[in-house]
Amino acid sequence: MKEKEYRMGVRAQGGLLYMQGIPGVAFGDRVQVRDHRGGLRNGRVIRSAKELVLVQVFEGTDDLDLENTWVRFLEEPFRMPLSPELLGRVFSGIGQPRDERPPIVSSLSRDVNGSAVNPAARAYPKEFIQTGISTIDGLNSLVRGQKLPIFTGSGLPHNRLAAQIVRQARLLNETSGFAVVFAAMGVSYDDARFFRENFESSGVLGNVVMFINLADDPPIERLVLPRTALTVAEYLTFDLDLHVLVVLTDMTNYAEALREVATAKGDVPSRKGYPGYLYSDLAEIYERAGRIKNRHGSITMVPVVSMPSDDITHPIPDLTGYITEGQIVLSRELNNQGIYPPVTIPPSLSRLMKDGIGKDDTREDHPRVASQLYASYARALEVRNLASIIGAEELSGLDKKFLAFAEGFEKQFVNQGEDEDRSIIETLSIAWDLLSLLPYDVLTRVSEADLAKYHHRERGAVEHDLDDAETRPETVTHA
Amino acid sequence: MGSIVEINGPIVEVELPGVRTGEQVRVGEMALIGEVIGRRGERAIVQVYEATDSLRPGEEARALGHPLAAELGPGLLGGIVDGVQRPLNRILEESGDYIARGLEITSLDRKTRWPFVPAQGVVPGQTLNGGDVLGTVQETPSFEHRVLVPPGVCGELLEIVPAGEYGVETVVARLRDLTGEVAELKLYQRWPVRTPRPYRRRDDAVVPLITGQRILDTFFPLLKGGKGAVPGPFGAGKTMVQQQIARWSNADIVLYVGCGERGNELVDILESFPQLTDPYTGRSLMERTLLVANTSNMPVVAREASIYVGVTIAEYFRDQGYDVVMVADSTSRWAEALREVAGRLGQMPVEEGYPAYLASRLAAFYERAGRVETLAGGTGSVTLIGAVSPPGGDFSEPVTSHTKDVVQTFWALSKALADARHYPSVDWNDSFSGYAGIAARWWEEEVDSGWGAAREEALALLTQAGELARIVNLVGPEALSPEQRWVLEGAGLIKEGVLQQSALDPVDSFSTPQKQMALLNLMLEIYHQGARLLQSGVPVQELLRLPLLGRARRCKSSYSNDQLDELKAWGEEVRATFEGLRGEYSQMAGAGQ
């Protein structure tokens with residue numbers, strides 16, 4: 001069957017090619033389509049029946065002349081050849097070279113769909129990665145094997161942030177082999193070049209494998225691109241024992257391609273026209289991050305997800321948030337104030353932080369300081385709200401301190417240079433500078449010992465200017 | 001023997017005459033397992049629990065003659081199984097780090113030998129009925145597994161083996177029923193997961209489930225045998241609440257069903273539970289725990305099956321006379337699996353693409369919770385707690401709203417609270433418990449006769465403070481009267497001193513009912529004392545400056561469950577401070593006159 005070419009297309013529409021009268025085609029297999037000009041396209045069987053075979057064509061079905069379209073069933077799933085030669089190369093979504101160098105030849109190749117990791121084989125990620133970015137290290141720490149997306153909006157500096165993470169990420173007290181797998185789906189040429197130049201100038205290009213699908217490349221290819229990229233990441237991690245950082249950008253483009261194909265297939269839509277299986281489909285990608293017991297390497301994943309109209313409840317960021325282990329959320333408001341990186345703290349979260357920080361990993365006060373910063377900033381934002389209504393002059397002495405805290409927090413803690421690589425100790429020390437703006441009494445989340453050790457003012461000197469009534473609760477008000 | 005006609009993702013159509021709906025089948029050369037969900041003439045629709053890649057039309061399909069059934073017997077505890085009850089540790093041994101397809105692995109290990117002791121008084125000649133205890137196996141040092149006569153089997157006991165070590169396949173007893181047919185009983189039995197196991201009578205739930213979480217136990221109690229739900233948007237701390245319940249509940253058995261959730265969360269349980277101590281037995285927590293795992297990247301159809309496998313195992317332990325808690329995280333993923341299959345079958349979607357039978361399936365699932373009189377006459381219960389993951393945090397979506405209709409206890413998690421790192425982020429406005437009246441009887445008898453009144457007062461205070469906070473947000477705190485400011489402070493004490501609870505702090509993670517009550521009483525006492533002082537003319541600023549307010553908020557982590565006497569002693573100090581203030585001010589007032 002592999003040798004045979006069939007010309008039994010009956011319909012071509014929306015990237016799908018319908019074939020009739022071909023017996024026994026395996027579900028999921030790879031397909032080669034030859035169009036009337038002799039151009040080759042790639043495809044995959046997405047439905048197989050005795051009467052009808054449905055082929056998804058990654059390059060799209062535009063300009064296909066059914067009478068002159070020849071289809072060859074390759075009798076194997078989509079596979080990616082794997083070898084150490086991959087490092088430093090650039091590929092398309094289906095693993096074809098994009099850098100004018102020869103294709104990878106290797107006896108080892110794997111099905112790009114992978115298979116599910118046995119939960120009993122997983123090891124819990126708990127090694128702190130220092131990114132040199134205070135909002136991440138201090139408040140939303142990343143650990144090896146975590147999947148931590150950046151939720152962003154159009155025009156926000158997510159690419160610069162992702163590039164900075166790639167440049168600066170390292171483990172405290174360890175130097176071991178690392179690699180970066182960069183998967184770009186539907187990005188602009190400029191963005192792709194930005195990353196390339198960034199990797200080049202920081203000298204990591206030789207450790208990077210890039211998979212690029214540009215905005216004007218066929219969208220269906222975006223469906224296979226992250227799977228190809230992750231197959232390579234798994235090879236680098238579990239065969240070559242490297243620590244791999246995977247950057248996926250932009251998952252929204254991926255989900256849109258999925259919707260496009262689902263609509264063409266006639267799948268029942270759920271929210272906003274996305275198919276009901278969007279969650280499972282995204283999970284197949286995201287859950288390939290992690291660590292495995294008794295293996296040296298790890299896959300840490302930083303997907304970039306743009307929130308359409310900055311809406312965090314949109315299905316793509318929403319479902320992503322249910323699968324990933326936290327999220328870093330960028331805000332337009334902070335960006336407009338010139339703060340970089342514009343990470344907005346309240347909705348940001350790292351679920352795996354608790355086991356990667358503290359006494360033996362970073363510093364003993366780190367967990368409590370993080371919790372205190374969150375709580376104090378939440379209250380400070382409330383005060384700011386209030387100030388915008390009644391005027392800052394009307395605020396109580398304590399509230400004014402909170403206002404100053406919020407200012408300092410955004411300008412000194414959140415804000416930092418694009419090339420500024422802060423150690424975790426520096427980050428914590430800025431945090432204590434800021435917490436010292438507030439009196440002892442309102443710092444209920446840090447311990448007495450922390451206060452004695454790190455708070456700049458001594459207990460006795462605590463000012464008693466709590467002269468007027470406070471709405472003490474730092475909890476949010478329920479409106 | 002039949003053959004495959006069509007493959008459409010996890011749905012495979014086969015030509016297999018005579019197969020029954022619900023029957024298990026193996027399809028293709030890889031022998032993937034699936035279940036018949038519908039018939040169309042000679043053809044059957046099969047949902048396959050494993051990925052169907054590389055399957056092709058024309059390959060064979062084979063009916064197995066039985067529905068999806070759980071194997072119930074010794075060896076269940078402490079393990080982790082997938083959505084169709086295959087032990088993941090043995091899959092690991094057979095197929096490595098990734099789950100291979102078409103594996104044939106039995107649920108219970110056939111090699112382990114268990115110490116079986118026949119029950120006292122069970123002798124040949126006696127008549128036994130379904131549900132009767134045949135004997136026991138000490139499965140873990142803290143758990144006695146009771147081997148039961150399977151429901152529906154009864155008759156005269158012909159023989160029973162003496163005490164000794166047996167594998168699960170050993171025939172330990174033979175019964176002859178009235179028709180003369182002989183049934184061989186083994187240490188394990190099978191039960192179809194979609195059929196509830198029978199019991200003698202349904203009883204009212206009367207005893208609260210103690211989870212050691214103050215906002216759950218004191219404010220929105222759940223009963224043993226009750227139904228509860230934990231809805232919340234992502235990042236609100238759903239998993240943490242569920243894990244805390246699994247950790248600290250005063251149940252005999254805890255089943256944690258990870259249904260379409262993160263792999264690392266299950267690893268967290270697998271790695272941390274063996275280190276933790278069950279506060280009731282002093283043994284390792286893992287000895288009473290069982291995990292069912294279908295993570296989000298595992299095939300979607302097995303996700304649908306996983307909660308039925310879980311609840312069937314729960315019922316089996318209930319039938320032995322135990323209290324079982326099953327936590328399902330998350331029922332939304334289960335509903336999505338239903339939706340996906342329904343969509344592939346081309347069934348008419350109703351709300352947000354979900355099939356019309358979503359509500360009835362949800363209700364039927366939760367109906368399997370309950371406190372019952374078992375067939376043998378004992379008492380056991382299954383408590384069901386389902387997490388719900390509403391898209392966008394919107395509680396009006398179908399899964400959340402249908403769940404809300406069937407559960408009695410609703411622990412609504414709030415994004416706003418979680419963003420301020422107020423954990424557990426259970427929202428006191430949106431949550432409810434229909435069990436508070438029944439729970440009050442237990443609390444007032446066992447812990448403190450003032451429970452009901454204290455709970456109501458605290459809730460009222462929180463509501464009042466919520467309204468006042470709205471005013472503050474509009475015009476600032478200056479607009480409030482001193483009494484109103486003190487209400488805000490009182491609510492703050494309750495929120496920070498009682499409701500907030502740190503799962504990571506070893507002292508605070510678990511609160512005994514006595515400590516819960518002591519903390520609540522203390523906060524209310526401070527509020528009352530202060531309110532009285534305000535009336536006698538003490539300015540509210542004076543009160544808000546009291547350092548004891550800060551200390552009161554830290555009491556939860558300063559005093560352990562064993563230090564309640566010290567906590568009470570500190571309460572006396574508080575009272576003395578207020579008395580002192582009162583004295584000062586009445587003097588001043590006297591001097592002024």
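Each remark here, short or long, concerns the structure printed above.
Everything numeric here is computed off the predicted structure, so don't read it as measured data.

Considering the interface of chain B and chain A
- Residue-level contacts link 92 residues of chain B with 88 residues of chain A.
- Buried surface at the junction of chain B and chain A, summed over both partners, amounts to about 7,800 Å²; 53% is from carbon and sulfur atoms.
- Where chain B packs against chain A, one counts 7 salt bridges.
- Between R295(A) and D97(B) there is a salt bridge, with its nearest N and O atoms 2.6 Å apart.
- Across the contact surface, chain B and chain A share 30 residue pairs in polar contact (both at pLDDT 80 or more).
- Element by element, the count of residues in the side of chain B that touches chain A is highest for helix α11 (residues 451-475) of chain B, at 7 residues.
- Looking at the side of chain B that touches chain A residue by residue, the classes come out as 36 nonpolar, 27 polar and 29 charged.

With respect to the nonpolar core
Residue and element names in this part refer to chain B.
- Ranked by size, the top nonpolar core spans 92 residues in total, and within it F219, I385, W411, W486, I494, I526 and L543 carry the most contacts.
- For this core, the element with the highest residue contribution is helix α13 (residues 513-535), accounting for 11 residues.
- Two domains each donate at least three residues to this core, and these are domain 3 (201-433) and domain 4 (451-592).
- Among residues more than four places away in sequence, those in contact with L543 are W486, G530, L533, L534, V538, L549, F578 and L581.

Some points on the packing of aromatic side chains
- Across all of its chains, the model carries 26 aromatic pairs over all chains by this definition.
- Between F395(B) and F410(B), the ring centres sit 6.2 Å apart and the planes meet at 85°, which makes this aromatic pair edge-to-face. Pair noted here: F395(B) is in the loop between β24 (379-388) and α8 (398-406) and F410(B) is in strand β25 (residues 409-410), with a separation of 15 residues, a long-range link.
- For F410(B), a relative accessible area of 1% gives the class buried.
- An aromatic cluster is present here, built from F182(A), F194(A), F195(A) and F199(A) joined pairwise through their rings.
- The aromatic ring of W191(B) is capped on one face by R197(B), whose charged end is 5.3 Å from the ring centroid.
- A cation over a ring is seen here: R344(B) above Y277(A), with NZ or CZ 5.3 Å from the ring centre.

A word on unusual backbone geometry
- Of note, the amide linkage connecting Y340(A) to P341(A) takes the cis form, showing an omega dihedral of -10°.
- Positionally, P341(A) belongs in the loop between α8 (332-336) and β22 (349-350).
- Cis geometry is adopted by the peptide bond preceding P424(B), which originates at Y423(B) and carries an omega value of -10°.
- Among the secondary structure elements, P424(B) is positioned in the loop between α9 (415-419) and β26 (432-433).
- The phi dihedral of Q85(B) is positive, around 65°, even though this residue is not glycine.
- Following the sequence through the fold, Q85(B) ends up in the loop between β8 (80-82) and α1 (88-95).
- Here Q85(B) falls in the buried class, since its relative accessible area comes to 2%.

Cut-offs used in this document
- Residues numbered from 1 in each chain as written.
- Chains lettered and ligands numbered in written order.
- Predicted model: local features only at pLDDT ≥ 70, side-chain atom pairs only at ≥ 80, totals over all residues.
- Heavy atoms only, no water.
- Contact = heavy atoms within 4.5 Å.
- Buried area = accessible area lost by both parts, 1.4 Å probe.
- Salt bridge = Lys/Arg side-chain N within 4 Å of Asp/Glu carboxyl O.
- Polar contact = N/O pair within 3.5 Å; in protein donor to acceptor, adjacent residues only side chain to side chain.
- Helix = DSSP H or I, 4+ residues; strand = E, 2+ residues; numbered from the N terminus.
- Nonpolar A, V, L, I, M, F, W, Y, C, P; charged D, E, K, R; others polar.
- Core = buried A, V, L, I, M, F, W, Y, C linked by side-chain atoms within 4.5 Å.
- Buried < 20%, exposed > 50% of the residue type's maximum accessible area, 1.4 Å probe, protein only.
- Domains from an automatic or database assignment.
- Phe/Tyr/Trp six-rings, centres within 6.5 Å; stacked < 30°, edge-to-face > 60°.
- Lys NZ or Arg CZ within 6 Å of the ring centre and 35° of its normal.

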